[in-house]
Amino acid sequence: MSLQIVVGAGPVGTATARLLAERGDQVRVITRSGSGPEGVERIAADATDADVLARYAEGASTIYSCAGPPYHRWPTDWPPLGAALVKAAEASGAVLVTTGNLYGYGAVDRPMTEDMPLRPNSIKGQVRAKLWTDALEAHRSGRIRTAEVRGSDYLGAGALTTFSVMVLPKVVAGKRASVPADLDAPHTWTYVGDVARTLIAVGDDERAWGRAWHVPSAEPVSVRALAARAADLAGAPPARIAAMPVTALRLAGLFNPAARALVETQYQWRRPFVLDSTAATVAFGIKPTPVDDALRESVEELRR
């Protein structure tokens, strides 16, 4: 039985902690509030304090970075957390496996693969790209061992995305939804449980360290088609959905910081946004969860 550290108790952190506990590991979840799933050790601590984090990680095999600062606070909140995670990994000797995303690639015209260069075209993308390049530099210099696991927009229990916030509740309630997106552009969706499975597979395999991996994800589905499937699974009336103009999003951003933060990432929603996860599927034998199964979990969670 080995000690595993999970930083963050959102949907990915919770799923990761549960899987680790189920296989018999000693699991320590660290959050500011001391929250986390039942059956694991829950610690209330500030993960941006590298000394505190290193103390709790002493003797651990792996640190799983699953925390997520508020969307509009990424530029201020991510850098100190990322730096503390690297320092804690260096001090403790634990492998650092980070939950990443696709922002660092910027706007691309083909399916995203792990060997694509990081060319962020947004502030949030620049933040995420630097977090990874700093960690990778520490890995290459021999200070730490690390890897990053990247997924697209999440489906599953607890997932907070543009779709889950702006579309799903309205569709399940039989109401008209409006979302800032091209409703028919192909879009990859990643199941939260598959993120957790990939994080653990990467953490367990030293051959996987020193690079990024894409979470095995199902074939892309447009927002319109996903809304239609959600209505069917929920037994709701046929989905009614409209595309919100960017100007409306900008106006909403005058009063809502979360809406304001969405403006610079509109490229992810106004054109195809497709993830190629072949490498991880082959390397770890993880088959992506079908979209319907992931979406059904989202609907059930919403109704609870």
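Calculation notes
Residues numbered from 1 in each chain as written. Predicted model: local features only at pLDDT ≥ 70, side-chain atom pairs only at ≥ 80, totals over all residues. Heavy atoms only, no water. Helix = DSSP H or I, 4+ residues; strand = E, 2+ residues; numbered from the N terminus. Rg over C-alpha atoms; globule rule 2.2 N^0.38 Å. Buried < 20%, exposed > 50% of the residue type's maximum accessible area, 1.4 Å probe, protein only. Contact = heavy atoms within 4.5 Å. Areas by Shrake-Rupley, 256 points an atom, 1.4 Å probe, with all protein chains shown as cover. Lys, Arg positive; Asp, Glu negative; His and termini not counted. Charge placed at Lys NZ, Arg CZ, Asp CG, Glu CD. Expected span 1.5 Å × (residues − 1). Arc of directions from axis to C-beta. Pairing = 2+ DSSP bridges. Axes fitted to C-alpha atoms, helices over the stretch in contact; angles between N-to-C directions. Salt bridge = Lys/Arg side-chain N within 4 Å of Asp/Glu carboxyl O.

How would you summarise the overall build of the chain if you had to cite specific residues and measurements?
What the chain contains, in helices and strands, is 12 helices and 11 strands. What you see for the chain is a C-alpha radius of gyration of 19 Å, in line with the 19 Å of a compact globule of 304 residues. Split into buried and exposed, the 304 residues of the chain put 54% on the buried side. Partitioning the contacts of the chain with sequence separation of at least 6, the portion at a separation of at least 24 is 73%. Accessible area for the chain stands at about 13,300 Å²; split by element, carbon and sulfur atoms hold 52% of it. In the chain, the 34 positive side-chain charges and the 32 negative ones have mean positions that sit 6 Å from each other.

Tell me about the environment of K87, and please be specific about residues and values.
Secondary-structure assignment places K87 in helix α3 (residues 74–92). By relative accessible area, K87 is classed as exposed at 52%. Along the chain, K87 and I144 lie 57 residues apart, while their C-alpha atoms are 8.6 Å from each other.

Can you lay out helix α12 (residues 291–303) for me, pointing to particular residues and giving the numbers?
The end-to-end C-alpha distance of α12, which contains 13 residues, comes to 18 Å, matching closely the 18 Å that a straight helix rising 1.5 Å per residue would cover. The complete set of buried residues in α12 reads V291, A294, L295, S298 and V299. Each buried residue of α12 sits inside an arc of 140° when the element is viewed along its axis, so together they form one side. Its buried side turned inward, α12 meets β7 (153–155), α5 (162–166), α6 (168–172), β9 (189–191) and α8 (223–234).

Give me the lowdown on the side chain of H187, citing residues and values where you can.
Following the sequence through the fold, H187 ends up in the loop between β8 (176–179) and β9. Look at H187 and you get buried, because its relative accessible area is 2%. In contact with H187, other than residues within four places in its own chain, are S152, D153, P220, V221, S222, Q268, W269 and F273.

Account for the sheet that holds strand β4 (residues 62–65), with residues named and values stated.
Strand order in the open sheet made by the seven strands is β3-β2-β1-β4-β5-β6-β10, with parallel pairing throughout. Each edge of the sheet is formed by a strand with only one pairing partner; in this case those strands are β3 (41–44) and β10 (212–214). On average, each strand axis in the sheet is tilted by 20° relative to the strand beside it, whichever way the strands run. Across four bridges, strand β1 (residues 3–7) lies against β4 in parallel orientation. Its bridge partner lying in β4, V7 is registered against S65. Most of the contacts of helix α4 (residues 123–140) go to strand β6 (residues 146–150), to which it runs at about 150°, and overall it touches β5 (95–100), β6 and β10. Taken strand by strand, helix α7 (residues 192–204) contacts β4, β5, β6 and β10, and its axis lies near 155° from that of β5.

Hey, could you go over the pattern of salt bridges for me, with residue numbers and the actual values?
Per the counting criterion, the structure on display carries 18 salt bridges. A salt bridge links D46 to R32, with the shortest nitrogen-to-oxygen separation between them at 3.3 Å. A residue pair is termed long-range when its members are at least 10 positions apart, and D46 in the loop between β3 and α2 (50–57) and R32 in the loop between β2 (26–31) and β3 qualify at 14 residues. Overall, the relative accessible area of 29% leaves D46 in the partly exposed class. Taking the relative accessible area as the measure of exposure, R32 reaches 63% and is therefore exposed.

Give a detailed account of the side chain of N101, specifying residues and quantitative values.
You can see N101 is positioned in the loop between β5 and α4. Look at N101 and you get buried, because its relative accessible area is 14%. Ignoring any residue separated from it by four or fewer positions in sequence, one finds N101 in contact with W74, R128, R150 and G151.

Hey, could you go over the environment of V108 for me, with residue numbers and the actual values?
By secondary structure assignment, the location of V108 is in the loop between β5 and α4. For the pair V108 and V274, spaced 166 residues apart in sequence, the C-alpha to C-alpha distance is 9.5 Å. Beyond its immediate stretch of four places on either side in the chain, V108 contacts M116 and R271.

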